[in-house]
Amino acid sequence: MVKVRIRHRTTYSYRRPVGLGPHRLRLRPRESRDLILISSEIAVSPTGALTWAHDVFGNSVATVVFPVLTDSLSIEAVTELELHGSAWPIFDIAASAIVYPFRYSDDEWTDLGALSNHQYPDPGGRLRAWARGFVGGARTDTLSLLKDLNAGVSQTIGYQVRDDEGTQSPDQTLERGWGSCRDFAVLFAEAARSLGFGARIVSGYLFNPVRSLVGSTDAGSTHAWAEIFVSGAGWISFDPTNRSVGGFNLIPVGVARDITQIMPVVGSFVGSADGFLGMSVEVEVTSRQGG
């Protein structure tokens, strides 16, 4: 078990006082058997009215309404949690799903719904052809296939930090040959969907105490990965950026059909077109061993 503290601070600056629209914050990690939340606090300046709700995916969403004009906005989330995940998880896959291709049960197929459908166009079937290249034969081990596909993303695509907004489509990532962690996650999820799997995108934090993982030069950072639903085992985490399986070093905050649905901070302002000066994000992840 490891105790982790996360400090996530987002700061906006404006040329002159502006009116702020409601801001929606997804900054509270998702609790589970492997992640026990000790505390989670959000502070905003200027002060606003903050309310909580859950979105359709069960993510915790804080909405802040600001009553005053301001030339700056600061949002800071401080979270303390315990991680109990195993670095070498064993997945109890149902007998019906051990070998690919397999068929989800009727209930699973219905409930997965849009999570099994493509979210991006696939001109000429390029993505599907790329994904099919990892299928070893008419019948292949399901988990091995997903592991190969997961590793294949970083074997094919070069990692590159991107500070600009938005996510590349899978076709763009394959064409350019480079991408960020969120581009990797989207490519992997869409490739898995093209093979008939239910998939969802996850945003959160990468826990990197030894500073050896791609996507973070410090002990941790914001990160994106994907989860695939496999009958019996449930949702299995895959981090294509680091070719890892299982979530022992991943701290999920939001899961969704598409990555645009789980941005950490979403909001607007009312002011002149040149009113926005800039934004900065600071993330600190510290830990200590617990017993």
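Here, the structure is the one placed above.
Quick look at the structure, then. What you see is a predicted model, and the numbers here were worked out from it, not measured in a lab.

**Things to note about the nonpolar core**
- Core analysis: the largest hydrophobic core is formed by 43 residues, its most contacted members being Trp 130, Leu 149, Leu 195, Phe 197, Ile 228 and Phe 238.
- For this core, the elements supplying multiple residues, two or more each, are α2 (126-132), α3 (142-156), α5 (181-194), β11 (198-207), β12 (220-230) and β13 (234-239).
- For Trp 130, the contacting residues outside a window of four places in its chain are Leu 149, Gly 152, Val 153, Thr 156, Leu 174, Leu 187 and Ala 191.
- Of all hydrophobic cores here, the second largest spans 26 residues; its members include Leu 35, Ala 62, Phe 66 and Phe 207.

**Looking at α5**
- Here α5 is 14 residues long and its end C-alpha atoms lie 20 Å apart, about the 20 Å a rise of 1.5 Å per residue gives.
- Of all 14 residues making up α5, 14 are buried, and the element is well covered by its neighbours.
- Gly 196, located one to two residues past α5, shows a positive phi value of around 100°.

**Overview of the packing of α3 against α5**
- Between α3 and α5, the least distance of the axes is 10 Å, while the angle of their chain directions is 145°. In this structure, α3 meets α5 at a crossing whose hand is right-handed. Every residue of α5 that contacts α3 at Leu 146, Leu 149, Asn 150, Val 153 and Ser 154 is listed here: Phe 184, Leu 187, Phe 188, Ala 191 and Ala 192.
- When its residues are assigned to classes, the contact of α3 with α5 shows 8 nonpolar, 2 polar and no charged.

**Notes on the packing of aromatic side chains**
- If you walk through the whole model with that rule in mind, you get 13 aromatic pairs.
- Seen from their ring centres, Phe 188 and Phe 238 are 5.3 Å apart, and the 40° between their planes marks the pair as tilted. Here Phe 188 is found in helix α5, whereas its partner Phe 238 is found in strand β13, with 50 residues between them in sequence. Summarising the burial analysis for this pair, Phe 188 and Phe 238 share the class buried.
- Aromatic pair Phe 229 and Trp 235: ring centres 5.3 Å apart, planes at 70°, arrangement edge-to-face.
- With relative accessibility at 16%, the residue Phe 229 sits in the buried group.
- Accessibility expressed as a relative area gives 28% for Trp 235, which makes it partly exposed.
- The ring of Trp 235 has Arg 200 lying over it, and the distance from NZ or CZ to the ring centre is 4.2 Å.

**Overview of the side chain of Thr 140**
- Mapping Thr 140 onto the fold places it in strand β8 (residues 140-141).
- According to the relative accessible area criterion, Thr 140 is buried, its value standing at 17%.
- With near-sequence residues (within four places) excluded, Thr 140 lies in contact with Ile 98, Val 99, Tyr 100, Val 135 and Leu 145.

**Focus: a nonpolar patch on the surface**
- A surface patch of nonpolar side chains, about 270 Å² in accessible area, is lined by Phe 276, Met 279 and Val 281.
- Looking at the secondary structure, you find Met 279 in strand β18 (residues 276-289).

**What to know about the pattern of salt bridges**
- All chains considered together, the criterion is met by 13 salt bridges.
- Residue Arg 33 pairs with Asp 34 through a salt bridge whose shortest N-O separation is 3.7 Å.
- With a relative accessible area of 74%, Arg 33 lands in the exposed category.
- Between Glu 227 and Arg 200 there is a salt bridge; the shortest N-O distance is 2.7 Å. You can see Glu 227 sitting in strand β12 and its partner Arg 200 sitting in strand β11, a full 27 residues away along the chain.
- Classification of Glu 227 by relative accessible area gives buried; the value is 8%.
- One salt-bridge network, held together by shared partners, links Arg 7, Arg 9, Glu 76, Glu 282 and Glu 284.

Calculation rules
- Residues numbered from 1 in each chain as written.
- Predicted model: local features only at pLDDT ≥ 70, side-chain atom pairs only at ≥ 80, totals over all residues.
- Heavy atoms only, no water.
- Core = buried A, V, L, I, M, F, W, Y, C linked by side-chain atoms within 4.5 Å.
- Buried < 20%, exposed > 50% of the residue type's maximum accessible area, 1.4 Å probe, protein only.
- Helix = DSSP H or I, 4+ residues; strand = E, 2+ residues; numbered from the N terminus.
- Contact = heavy atoms within 4.5 Å.
- Expected span 1.5 Å × (residues − 1).
- Axes fitted to C-alpha atoms, helices over the stretch in contact; angles between N-to-C directions.
- Left-handed = near helix turned anticlockwise from the far one by under 90°.
- Nonpolar A, V, L, I, M, F, W, Y, C, P; charged D, E, K, R; others polar.
- Phe/Tyr/Trp six-rings, centres within 6.5 Å; stacked < 30°, edge-to-face > 60°.
- Lys NZ or Arg CZ within 6 Å of the ring centre and 35° of its normal.
- Patch = residues over 30% accessible without salt bridge, like charges linked within 9 Å, V, L, I, M, F, W, Y side chains within 5 Å.
- Areas by Shrake-Rupley, 256 points an atom, 1.4 Å probe, with all protein chains shown as cover.
- Salt bridge = Lys/Arg side-chain N within 4 Å of Asp/Glu carboxyl O.

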